[in-house]
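Each chain, letter by letter, is given below.
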Amino acid sequence: MEKKLPMPKRASNGDGGGKRGGGDTEVASGGGGYFKTLLTSGSGGETKKQTTDLLFRPPRFVQKGPLQSERFGSPLFTQPSDQQLPTVSVSSSSSSSSSWSLIWLDWIPYWTATGNLQDLIYNDILRFVLPTHATTHYLKFGLITGGQLAMLMYTIIFGLFTTTRQVDSDLEYFELFVVLVVAVFQILLLSAWFRYTIPYLKALQLDWMNPYIPGWNRDPMHVPLGMYTTSRRQARQGACQWELPARPQTPHSNIWRLDYDCKKRTNPSTTITEGDDPCWYFCWCPTAKQALQIVEQQQSQGGSSNNSNTNNGNTEDKYDDGPTWNPIPVPSNWTRQEGYDKPIYTNMKYPWPGKAHPPFAPPSSLDHNPTGIYRKRLTLPSDWSITDGSEYTLVLHGVESACYVYWNGEVVGFSKDSRLPCEFNVTKYMKMTEANSNHGNNGSSSNSQQHEIMVVVMRWSDGSYVEDQDQWWMAGIHRSVELIRRPPRADLLQYFYQATGDGQLSVQVYCRPQQDEEAQSSPDPISSPAKNTRVLARRQVTFALYGDSHAPSAMAITANQNSNDVNISDANSNGVNHGMNSWIAGPCLWEETVTMAPHVDTCHVSTRIARVKQWTAETPNLYTLIISLAYCTQDGVDDDGDDDDDDDDVSTEIMGNSTASSAATRGRRTPQTAKTTVVHLESCRVGFRTISIRRNPGQLCINDKPITVCGINRHEHDPDNGKVITVQSMIRDVCLLKQNNFNAVRTCHYPNASAFYRICDCYGLYVCDEANIETHGLKPMGRLAHDPGWENTFISRITRMIQRDYNHASIIYWSLGNEAGRGCNFVRARRVIQQMDNSRPICYESGGAVAEGTGRTELTDIVCSMYPSVPRTLDLATRSDDDRPVILCEYSHAMGNSNGNLHLYWKEIWNNQVPRLQGGFIWDMIDQGLRVPLNDKGDFYFAYGGDFGDTINDKQFCINGMFSPDREPHPAVAEIKFLQQPVVFVPLQAHSDAESLRVTVQRRQASIRLGVVNRYSFLDLSHISWSWHLISNRSVKPIRKENFDLSIVDDKEDTAEISLEDAISRVVQLEKTRPPGGNSFFLNIRGRLRSATLWADAGHVIVSQQFAVKFVFEDVDITTLKHVNMNEQTPPTLSTETTDDSTTIFRTNGKGERSPLASFDKHTGALLSYAPNGNNILQSSLVPNFTRAATDNDKGGMELVLDFMIPINGVKEVVRAFLGRSDFSYLSHWSFAGLSQEYPPTLRCTNLSVTESIAGKPFLVTADCEVIHVGWGTVIIDVAIAYTVYADGKIKVSQTVTPTDLLAKLPSLPRVGVCMSLLPELFAVNYYGRGPEENYPDRKSSSEMGLYETTPENMGYLKYIVPSENGSRSDCEWISFRAMDGAGLLVVADQNSFNCSALLHSAYDLENATHTCDLPLAKDGAAPIHVSIDHKIMGVAGDVSWYPCVYPQYLVKPFVSYEYSFHFCPLDKNGDAAIIARTVRRSEENR
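Residues numbered from 1 in each chain as written. Predicted model: local features only at pLDDT ≥ 70, side-chain atom pairs only at ≥ 80, totals over all residues. Heavy atoms only, no water.

The helix and strand inventory of the protein chain stands at 23 helices and 74 strands. Going through the 1487 residues of the protein chain one by one, you find that 61% of them count as buried. Counting contacts in the protein chain only where the partners sit at least 6 residues apart, residues at least 24 apart contribute 76% of the total. For the protein chain, the exposed surface amounts to about 55900 Å²; the carbon and sulfur share of it is 52%. (Helix = DSSP H or I, 4+ residues; strand = E, 2+ residues; numbered from the N terminus. Buried < 20%, exposed > 50% of the residue type's maximum accessible area, 1.4 Å probe, protein only. Contact = heavy atoms within 4.5 Å. Areas by Shrake-Rupley, 256 points an atom, 1.4 Å probe, with all protein chains shown as cover.)

Counted residue by residue, helix α15 (residues 902-909) has seven buried out of eight residues, so it is predominantly covered. Along α15, the residues classified as buried are L902, H903, L904, Y905, W906, E908 and I909. Close packing links the buried residues of α15 with β39 (709-713), α14 (870-878), β45 (886-893), β46 (917-923) and α16 (971-979).

What follows covers the sheet that holds strand β11 (residues 391-396). One open sheet holds the four strands; their spatial order is β5-β20-β11-β15, and the pairing between them is antiparallel. Each edge of the open sheet carries a strand with a single partner, namely β5 (255-257) and β15 (422-425). Recorded for the sheet is a direction-independent mean angle of 20° between the axes of neighbouring strands. Relative to strand β20 (residues 481-486), β5 is paired through three bridges, and the arrangement is antiparallel. Of the residues in β20, the one forming a bridge with R257 is E482. (Pairing = 2+ DSSP bridges. Axes fitted to C-alpha atoms, helices over the stretch in contact; angles between N-to-C directions.)

Moving on: the sheet that holds strand β53 (residues 1040-1044). Spatial strand order, β50-β56-β55-β52-β53: five strands in an open sheet with mixed pairing. Across the chains shown, the open sheet's two edge strands, defined by having one partner strand only, are β50 (997-1001) and β53. Between one strand axis and the next, the sheet turns by 30° as a mean value, whatever way the strands run. Here five bridges tie β50 to strand β56 (residues 1101-1113), and the two strands are oriented parallel to one another. Residue pairing across strands places R998 opposite K1110, the latter belonging to β56.

Interhelical geometry of α14 versus α15 gives an angle of 15° and a closest axis separation of 10 Å. In terms of orientation, α14 lies roughly parallel with respect to α15. In terms of crossing hand, the pair formed by α14 and α15 is right-handed. Together, V870, T873 and L874 of α14 and L904, Y905 and E908 of α15 make up the contact between the two elements. (Parallel < 35°, antiparallel > 145°, perpendicular 65-115°, else oblique. Left-handed = near helix turned anticlockwise from the far one by under 90°.)

The subject of this paragraph is the packing of aromatic side chains. For the structure on display, the rule yields 46 aromatic pairs. Taken together, a centroid distance of 6.2 Å and an interplanar angle of 15° make the contact between F141 and W193 stacked. Here F141, found in helix α5 (residues 134-164), pairs with W193, found in helix α6 (residues 170-203); they are 52 residues apart in sequence, far enough to count as distant. Comparing F141 with W193 shows no difference in burial state: the two are buried. Cation over ring: R840 sits above Y806, and NZ or CZ is 5.5 Å from the ring centre. Positioned over the ring face of Y1286 is K1290, at 4.8 Å from the centre of the ring. (Phe/Tyr/Trp six-rings, centres within 6.5 Å; stacked < 30°, edge-to-face > 60°. Lys NZ or Arg CZ within 6 Å of the ring centre and 35° of its normal.)

Written out as C-alpha cells, the structure is:
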C-alpha cells in the first residue's frame, strides 16, 4: 500500500493559524490576531470572506488624498461601475483585537469593467472545462463521476428489467450480453477515471499545489527594518547603506545575516567547534515526498540533538540512517551547483512535459518535484537572549519556488512567491528548545544552546504557473537569509512616508499593541520604581529629517569613455558582496515628537519642509528620515493611563506647518517630569517628488514637469550564479545604464532585491516596480486572472510588493504583472492598490494580443503596449479617444544582432507634436547566458536553453540583451545612447544646406552657429564640459581639438557659437593638396561630465554629435593644387592567355617583365586571382553574393508562433499551403528560394569574353552569369559582370543584377554584392565610412563618418552568443587591406558608397555555429580574411524577433534590377589610400 505523503502540521498561532484553504491564514507568533485583515466583497446582502495576505491599515495620508483612479484612471476606459471605488473603514478601538480595521471592497463586476465575449468564453467557461483549483476540480470530478454513475445505474436497471422477462430467443440473449458488456465497460471506465483522478484530488490537499494558500504563519510584509537601538547616528548611517547593517560585518546589530559561501572558506581543515560551523548543508531529493520523509524522520529522532555530525570541518554530514549532506553556498541556486539538477530556460512554455494543468506542478508526474533541504546549526550571539523578552524572526529574502521552514525540528510555516521575502516568528520554538535544555540542566539557563534551521524548498509549486517569465527556471535560496532580533518593547512594525515635490512630508507609523505591565523593582526608567504599582508607560514617537548625504566610500568607479565599461572595486569588502558607504552628516531640518495614547498602535504626522531639494532621476536629492520610539513614565498616573496635563491638539511649526495625530486620540505633550528611554529606531532615505498625470495632453509628470522615459527591462541574472545578484553587480548595472543615457528600469517581471531600489534612489533611476505575476504559457493567458480560486495568489503578490517597496522615491509607478491576461483578480488587486497608495499610477500589459487588450485596458493608467511598430506607436499616442500617456513597457527586442529601427522610434518620442508618447523600456538589458567552462585554462562559453540536457526549452530566446552576460555592451548600445542623449545640436537654416554646415572663411576667421536643445527635464547644462574636433577624410587624427562653452542655463533651446579659427590654417593646407575628388570635413561635438559622479568619472562622454562641414573660402587663395599622377613613365602593356577553364590577363612592364595580373573562371565568371604586385592576394574567388548568416531576427516568423500555439507536426506546412508564406521568417523564404547558407546557390557562366584594346587602353572581360537554385536547378538571378582591367593594375568590377520572377514574392533579398577571401597577411584594415562599431542601414545613427584603422578580428563582432551576420560598416567610400610591408589592396566605391565587412570567419561558419566556441579558432595574420562588398544589404530589424519586421526602406527588393561598380586598386607602402580613392572616384565622374 502506498504510504501517504507526509504533510507538515501547522502550528496554531492565534486565530486561523491552522485553517486550510483560507488563503494566507498567518498570524505573527506572540502577537495575537492584530495583523489580520480580511478582504470582503458582497452583493445583495450576500457576503463572501476570504483571508488574504495581511495588510496594514492604509496610511492616513492616502485616505485624505484623492483616490487613485480619480487622479490617474482614464474616464474614457472606465465604466461607471469602476468609478465606484471601495472605501476604507477606519475605527478607533481601544483594544488590540480591533485596532486593525477591515478593508471593505464594494461590489465588483464579475467581468472586467470592459468585459467582452472573450472574457466570458475564455475565462468563465474554460475554467470549468479546464479547472485550475480545488473547487473547480472537485466540481468537474463530481459532474463526470455523477454522469458515469447515472449511466451505469441506467445500464444495471435496464439489465435487471431484461432478466425479469423470460428470455426465449437468441436476440434477447444477445441483448442481455450487450447489457453486461456495456456494464463491465462502464465499470472499467469508472475505475480508470478514479485511478486517473484520485491522485490529482489528493494533490490538491498539498500546500504547494493549492492556490488558495500563498503561505501560512508568515509575518506581514513590511518595509525593511534596521532594528536600531543604540543611537540616531547608527540609524542615520544605516539608512545610507545598500543593505541594512548586519552581523558579522556590523557588530552589535540586531540583524544576523546567515549567508555563507563555502567555496571561499579560508581554511576548511581548521577545527570547528560544535555549533560554530558557518556552512549550510544541503541534501537534494528527486521528489518532495522523499524530502518530507527525511524531515519527518528528523522530527521523530528528536530534532537536531541526535544528529550533530558537523564537527571538525567535515565536508559532509549524515543523519543516522539518512542521506549525505554537503556544504552549499547560501544564497545560491542549486541548479548552478555541480551534481544537483539542471537549469531550464523557457519563454512561454512551462518547463515540464505535457500541457499546463494548474495547479498541479508538474502535472504529468506529481511525484517528480525536485526538492532541496537546507540545514544550518547556529548558536545565538552572546549578547542575544531568549529570556529577556526579545522576539526573533527568520527572514528568507528569496526562495524559488515554495518552502517549509523548520526550527529545531518543528515546522514554523510555509511560503510561496520566489521574489519576495518571507518572514517567520521563531521565538516560541527557541523557547521550547531553551525550556527542554533547562529541564535537562536542572533549570540552569544558558545562551549557548544550539539551534537548527531547516528549509525544505520545492522546485515546482502552483506558484510556478504565475512565474512563467521568460527566464531561467532555477531553484533554491537565491537571496540572503537573516535572523532578526526584536528587543523588548521595540514596537515599530511598519511605516510609510509620502513626500511631495512642494515639501509636504507625511509619515504613518504602526506599532505593536501596548500591553498593561506591572512595574518591577529595578532602576529601569521605563518601569516604575515602586513595586506592585500599576502603571502604563506611554510611547513617544519622534520624527526627524536630516539633510544627510552619502557615497560609496571604498568603491572606486572607473568609466572608460570609449567602451562604456565600468570597473567597480571594493577595497574593504574582504570577500563580502558589499562595502560600507561613507555617511556625511547633514543638519536636522525638522523634528517632532508625538506621544501616543494608551492602547493606540498607530500615529500619523505631517509637515512642510521649506526650500526642499526635489528628487528626480536627474537630481537624486535624498534626505534621511529617522523614527525613534521611546517609552515615557511619570509619577501620579491614573489607573486609566490619563493625567492632568491633557492637550488633545498637538501642533508644531518647524519651517512650515506641521500636524501630528494618533489613530484613536490626538497626541499629548510629555510632562517635563517624564523619563524617556529610546528603545527602537528606524530610518530610510526620503526623496521629495510628486507624480502626476497631466490630462491635457496626457503626460506623466514628475514635479509637474513631463519626463521622457529612456528605459530598459532588467532581469536579475548572473552568468555564474544564476539568480544570485550581489550588490556590486547591481551597482555595475546601474552605472552602465546611467553611462549610456538610460534613466529608467523596469523590474521585469518581479520585485528585485531591496538593495537595488536603494541604489536607484541614490544614483537616480526611475523604476517601474512589477509584481511577480506572468502566465504566458497558459492558453488563454487570462485563465487564472479571471478565476476566483487564484484571487489570493494575485492579490498577495501585488500587495506584498507594495508593502515592502512603498518608501522608495525611485519607484514612480506600480505594475500589476506581465502577460497574464485580464480578469476580476486584477480588478480587485487594482482597487486594493488604490487604497494603499494614491501617489503613483498603475500600469499593466495583459498580453500583447488584441484579446488581452494590448496595454490599453481599464486596468492601466498608462498605455503600455509591448512591441508596437513605429506606425502603431504613433497611432496609440495620437488617438482622440484616449488621454493617457504612452510608455511602451517593451520595445526593440535586442536578440543577437538586432535593435534596428531605434532611430524611427526616437524620432517620434522626441517629437513635440506627439506629447503623449513619452518613451519606453527596451527588451532587455542582459543576455541571460550561463557560463560553462570549456577547459581548465579559463576558456568558456555562454549556454542557453537546451545546453544542459533540458529537452523542454526555448533555445536562445533568453539571449536578448543589449549587454553580454559579463555586462559588455553590444554595438547597439552606442545607438541607443546616442538617441537618448540629453542634449542635441541642430543646424540653423541660415548656416546650412541640405547635407552639411556651411562655413564661410574670411581672413582666416570662421565660426559655426548651432541651435542647442536641452532635453533634460530638470537640469541645466552646467555639469557638462564641451569640446569639438574637426576631422577629414585624409587622416585618422583630428585636424584640431578645442573646448567651448555654452551660455545655456535653464532655457530648453539656445544657440552655440563654435570658433574654428585655430583649425583654418590646417584646412587651407589640406585644400591646397586636395585630390581631384576633393576633401570631406566633419565637425564632431562631445559633451563630457565636468566632474565625477557616483556612476562615472569626470570626462565621461554623454553627448556626441557629428556634422558634415563645407568650407567656403572668400579671401583665401587655394587655387594651387597638387594632382596625383598615378601613371608610370613607361606604361605597362596587357595580354591574354586562355585555357579550357580560365582566361588570364598578363601585364608586361617597361623592362619586359611579364606577370599574371588577373585570371577569370570560364565556368562561373568569377575573378580567380588578382596579383597587382606579382603575387596573388585572393585566397578564394571574387563571386556575386546574395546570402548571409541568418540573424535571430531573420529566423523569426509565423513558425515560432505556431510551434507554441499548435505544437503538432505538419501544421506549418498546412498553414503555408492555405495562407501563404508572407508571415513566415525571412530565413524560411530564403531557404525556399535557394538563398540560404544551408543550401547556397551555385554560379554558372554562360558566356565569358575578352575585348582587347590597343596599348595603354584597358581590357574588358564580360561574363554572363546565372545564379542557380541548388535544389530546383532553375535560374533565380541573372548577373552580368564586366571587369575593366587597366595596365596600372586597377580593375573596375561592374555588375547588373536582375532577379527572376521566381523571387518576385520574396519579402527581401539578404544582400546584393560580392564576397572573396584575402590572404591572412593583409590584416591591417583602413576604411573611410561609418564607425567605429558595426552598423547597418537601419542602425547607424550613432556611427560617425571618419577614417578608421582596425583589423578583421576587431572589425568582426563575435560577442553575440549565437554567431550570425556581423561586422558590417555602412556608407563606406573605400576600404584597404595592407600587409606589414605596406603593400596591399584598395577597394573603392564608384559613385555611391557600399557596405563592407572583413571577418575571420565565413558566412557558412557563422551560420552553422550554435555558440561562439563552435567557430574555428582564428587570429589576425593566421586566418583568411572573408570580405564582403555590398551594394545593398537588408537591415537587421529589431521591433520583434518572432515576426518579419524590417521596414520597407531597409529591404532589398527582389523585383528590381541593381547596377553598381567598384574598383580594385593596388597599394604600395607609399600609397595614400584616401588620395587614391578620391582620384579614382573623380576620374569615373569625368568619364
